[in-house]
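# Descriptive analysis of the structure
Each chain, letter by letter, is given below.
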Amino acid sequence: MKIEILQLIEGARQARGLTVIIDVFRAMTVESFLLARGAQKLFPVGDVQTAWDYKASHPDVILCGERGGAIIEGFNFGNSPSAIEHLDFTGKTVIHTTSAGTQGIANATGADEILGGCLYNADATARYIKAKNPAYVSLVCMGLAGERPTDEDTLCALYIKSLLEDSPLSDMAQRIENLKHTDGAKFFDEAQQNVFPRRDFELSTILGTCPFVLHLTQDPESGMDCMERIDVPMI
């Protein structure tokens, strides 16, 4: 198994084999929470107009997304796991669009298979990949708006890689703590709590307790990309 860590939109375009699109703050964490809270269908889309077009013909759909970190005007939710952690989405259809994570999915056209990765589902993701044992794995760090690398996404990629190589990083607690002073600092800025609440940092850095992977498939009804939950047993 060859494992490559790639960065940003260009990295997504270069991805091949089994590909993990990583967005810790906050897209893939939010998608994990949506499926954990019972969402029936979850459509990750690259552009806002696609979301509005689908909403026009499916008025009950829930719109979830951000640009510049802030909720898109008219959407039901932004891109905050703390805003949805206690809600029930059973039977609901959700469309999700973000500046980074969903853009990675849209650009990973050369991938054989796509997963959504974050620290929360990293252990399940590694178990899934080990069971599949692909020849090539692309770990794509989407960074800030797909434009610059970020510490949390690179850390997630390094952590998944270490699990795949049976050499897990031993200092993850300290590495996560360090994020509070680098790319996670915005969650501790009182002036930005309306967009980046501190609770989002806490939820996004829960390590490896999610029992399933985010697996991209195609919805047979609409033909759209759809993120499904695949449970991965503990080894």
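Everything in this summary refers to the structure shown in the same document. The structure displayed is predicted, hence computed values, not measured ones. (Residues numbered from 1 in each chain as written. Predicted model: local features only at pLDDT ≥ 70, side-chain atom pairs only at ≥ 80, totals over all residues. Heavy atoms only, no water.)

## Quick word on the packing of helix H6 (residues 122–132) against helix H7 (residues 151–164)
Worth spelling out the cut-off: Axis lines are fitted through C-alpha atoms, for helices just across the contact stretch, and the angle between N-to-C directions can take any value from 0 to 180 degrees. What counts as a helix is a DSSP run of H or I of at least four residues, what counts as a strand is a run of E of at least two, and both are numbered from the N terminus. Any angle that is under 35 degrees is reported as roughly parallel, and any over 145 degrees as roughly antiparallel; angles of 65 to 115 degrees are reported as roughly perpendicular and all others as oblique. Note: crossing handedness is left-handed where the near helix turns anticlockwise from the far helix by less than a right angle, and right-handed where it turns clockwise. Contacts between residues were defined by any pair of non-hydrogen atoms, one from each residue, lying within 4.5 Å. Charged means Asp, Glu, Lys or Arg here, nonpolar means Ala, Val, Leu, Ile, Met, Phe, Trp, Tyr, Cys or Pro, and polar covers whatever is left, Gly included.
Remark: H6 packs on H7, axes separated minimally by 9 Å, with the N-to-C direction vectors making an angle of 45 degrees. Put simply, H6 runs oblique to H7. Taken as a pair, H6 and H7 cross one another with a handedness that is right-handed. On H7, the residues touching Ala122, Asp123, Thr125, Ala126, Ile129 and Lys130 of H6 are Tyr159, Ile160, Leu163 and Leu164. Looking at the contact of H6 with H7 residue by residue, the class counts come to 7 nonpolar, 1 polar and 2 charged.

## A short note on H6
Our working definition: For every residue, the accessible area (1.4 Å probe, protein chains only) is compared with the maximum for its type, and the residue is labelled buried under 20%, exposed over 50%, or partly exposed between those bounds.
Among the 11 residues that make up H6, 8 are buried, leaving the element largely enclosed by the rest of the structure. Taken as a whole, H6 has its buried residues at Ala122, Asp123, Ala124, Thr125, Ala126, Arg127, Tyr128 and Ile129.

## Things to note about the packing of aromatic side chains
Where we set the bar: Side-chain rings of Phe, Tyr and Trp (the six-membered ring for Trp) are treated as a pair once their centres are within 6.5 Å; stacked means planes under 30 degrees apart, edge-to-face means over 60, and tilted covers the remaining angles.
Counting across every chain of the model gives 9 aromatic pairs. Each ring, one from phenylalanine 43 and one from tyrosine 54, has its centre 5.4 Å from the other, and the planes form 70 degrees; the classification is edge-to-face. Taken as a pair, phenylalanine 43 in strand E3 (residues 41–44) and tyrosine 54 in helix H3 (residues 48–57) lie far apart in primary sequence, 11 residues in all. Each of the two residues, phenylalanine 43 as well as tyrosine 54, counts as buried.

## Considering unusual backbone geometry
Here the amide bond leading from phenylalanine 25 into arginine 26 is cis, since omega sits at 15 degrees, within 30 degrees of zero. Among the structural elements, arginine 26 can be located in the loop between strand E2 (17–22) and helix H2 (27–36). Even without glycine at this site, alanine 145 takes up a positive phi of about 55 degrees. Structurally, alanine 145 is set in the loop between strand E8 (136–141) and H7.

## With respect to the pattern of salt bridges
The condition that has to hold: When a carboxyl oxygen of Asp or Glu is within 4 Å of a side-chain nitrogen of Lys or Arg, the pair counts as a salt bridge.
One pass over the full model with this rule turns up 14 salt bridges. With its nearest N and O atoms 3.1 Å apart, the salt bridge here joins aspartate 219 to lysine 41. A residue pair is termed long-range when its members are at least 10 positions apart, and aspartate 219 in the loop between strand E9 (212–218) and strand E10 (225–231) and lysine 41 in strand E3 qualify at 178 residues. Lysine 41 matches aspartate 219 in its accessibility class, with the two residues each being buried. Residue arginine 175 is joined to aspartate 171 by a salt bridge in which the shortest nitrogen-to-oxygen separation is 2.7 Å.

## Remarks on the nonpolar core
Within soluble globular proteins, side chains that are nonpolar generally end up buried alongside one another. The condition is simple: Take the buried residues of types Ala, Val, Leu, Ile, Met, Phe, Trp, Tyr and Cys, join any two whose side-chain atoms come within 4.5 Å, and each joined set is a nonpolar core.
By size, the foremost hydrophobic cluster in this structure holds 32 residues, and its most contacted members are Ile21, Leu34 and Val94. Those elements that provide at least two residues to this core are helix H1 (8–14), H2, strand E4 (62–67), strand E7 (111–117) and E9. Not counting chain neighbours up to four residues away, the residues in contact with leucine 34 comprise Ala39, Leu42, Ile84, Phe89 and Val94. Residues Tyr128, Leu163, Leu164 and Phe196 belong to the second largest nonpolar core, which totals 31 residues.

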